[in-house]
Amino acid sequence: TFLMSLGIIPVGIQGEYRYYVDPITGMQTDEPNTDIRRVDAACMALPWLFSMGFAVTFSALFAKIWRIKLVFQASRAFVRRQVGVKDVASIMVAVIVLQAIVLIAWNVADPLVWQREVLTNDDNGY
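Source: prediction; values computed, not measured.

1. Description of the overall build of the protein
Here is step 1 of the chain: Looking only at helices and strands, the protein has 3 helices and 2 strands in total.
Here is step 2 of the chain: Moving toward the C terminus, one meets the helices and strands of the protein in the order α-β-β-α-α.
Here is step 3 of the chain: Here the protein holds 126 residues, and 20% of them are scored as buried.
Here is step 4 of the chain: Here the contacts in the protein between residues at least 6 apart in sequence split such that 65% fall between residues at least 24 apart.

So, in C-alpha cells, the structure goes:
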C-alpha cells in the first residue's frame, strides 16, 4: 500500500555524528549534536510506516472476508442480512489500535537510535 511504501523515505535521511566534529582537528568533541534527533526519528518512522500500512491492508482484507462470512451464514438460513460498516469497521479499528499500542510500547521502552559505524578507513584516515 501507499503507507507501506512511504517507509523508504526515512532511509534516505543522512545524519552527522552523535557529537560535533571539530572542523580543524577532525576529532569528535564532547558537545552532543542536536540535529541527530531528526535522524533518530527517521529510524523509528520506518517500522511505524511499514507496520501501520501492513495493519491497514490486512485488517481491510480480513474485514472483507468477515463480511462475506456473515452474508454466507445468513444465506444458509435463507435470511436476508445486511452487513453494515459498523460490523466490519470494529475489526479494522481493533487491529490498528493494537498495532499502535505495540509501537508506542516499543518507542517508550527501547526506541531505535541511529548509529554510524565506520567499516573501513582509507590512507588519509577517512
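Still more to cover.
2. A look at the packing of helix 2 (residues 36-76) against helix 3 (residues 85-109)
Here is step 1 of the chain: With their axes 9 Å apart at the nearest point, helix 2 and helix 3 run at an angle of 155° to one another. Taken together, the axis directions place helix 2 and helix 3 in an arrangement best described as roughly antiparallel. Considering how the two elements wind past one another, helix 2 and helix 3 form a crossing that is right-handed.
Here is step 2 of the chain: Its residues placed into classes, the contact of helix 2 with helix 3 shows 21 nonpolar, 4 polar and 2 charged.

3. Digging into helix 3
Here is step 1 of the chain: Given a rise of 1.5 Å per residue, 25 residues ought to cover 36 Å, and the 36 Å separating the end C-alpha atoms of helix 3 matches this to within 8%.
Here is step 2 of the chain: Within helix 3, burial applies to Val-88, Ile-91, Ala-100 and Leu-103.
Here is step 3 of the chain: Elements that come into contact with the buried residues of helix 3 comprise helix 2.

4. With respect to the packing of aromatic side chains
Here is step 1 of the chain: For the structure shown, the criterion picks out 2 aromatic pairs.
Here is step 2 of the chain: A ring pair is formed by Phe-54 and Phe-58, whose centres lie 4.6 Å apart and whose planes are at 45°; its orientation type is tilted. Of this pair, Phe-54 and Phe-58 are both found in helix 2, 4 residues apart, which corresponds to roughly one turn of the helix.
Here is step 3 of the chain: It is Lys-69 that lies over the ring of Trp-66; its NZ or CZ is 4.7 Å from the centre.

5. Concerning helix 2
Here is step 1 of the chain: Between the first and last C-alpha of helix 2 there are 61 Å, a value that for 41 residues agrees with the 60 Å anticipated at 1.5 Å per step.
Here is step 2 of the chain: Along helix 2, the largest kink reaches about 30° and is centred on Met-44; proline Pro-47 follows within four residues of it.
Here is step 3 of the chain: Where helix 2 terminates, the next one or two residues include Phe-78, which has phi positive at roughly 55°.

About the cut-offs
- Residues numbered from 1 in each chain as written.
- Predicted model: local features only at pLDDT ≥ 70, side-chain atom pairs only at ≥ 80, totals over all residues.
- Heavy atoms only, no water.
- Helix = DSSP H or I, 4+ residues; strand = E, 2+ residues; numbered from the N terminus.
- Buried < 20%, exposed > 50% of the residue type's maximum accessible area, 1.4 Å probe, protein only.
- Contact = heavy atoms within 4.5 Å.
- Axes fitted to C-alpha atoms, helices over the stretch in contact; angles between N-to-C directions.
- Parallel < 35°, antiparallel > 145°, perpendicular 65-115°, else oblique.
- Left-handed = near helix turned anticlockwise from the far one by under 90°.
- Nonpolar A, V, L, I, M, F, W, Y, C, P; charged D, E, K, R; others polar.
- Expected span 1.5 Å × (residues − 1).
- Phe/Tyr/Trp six-rings, centres within 6.5 Å; stacked < 30°, edge-to-face > 60°.
- Lys NZ or Arg CZ within 6 Å of the ring centre and 35° of its normal.
- Bend = angle between axes of the 7 residues up to and from the residue.

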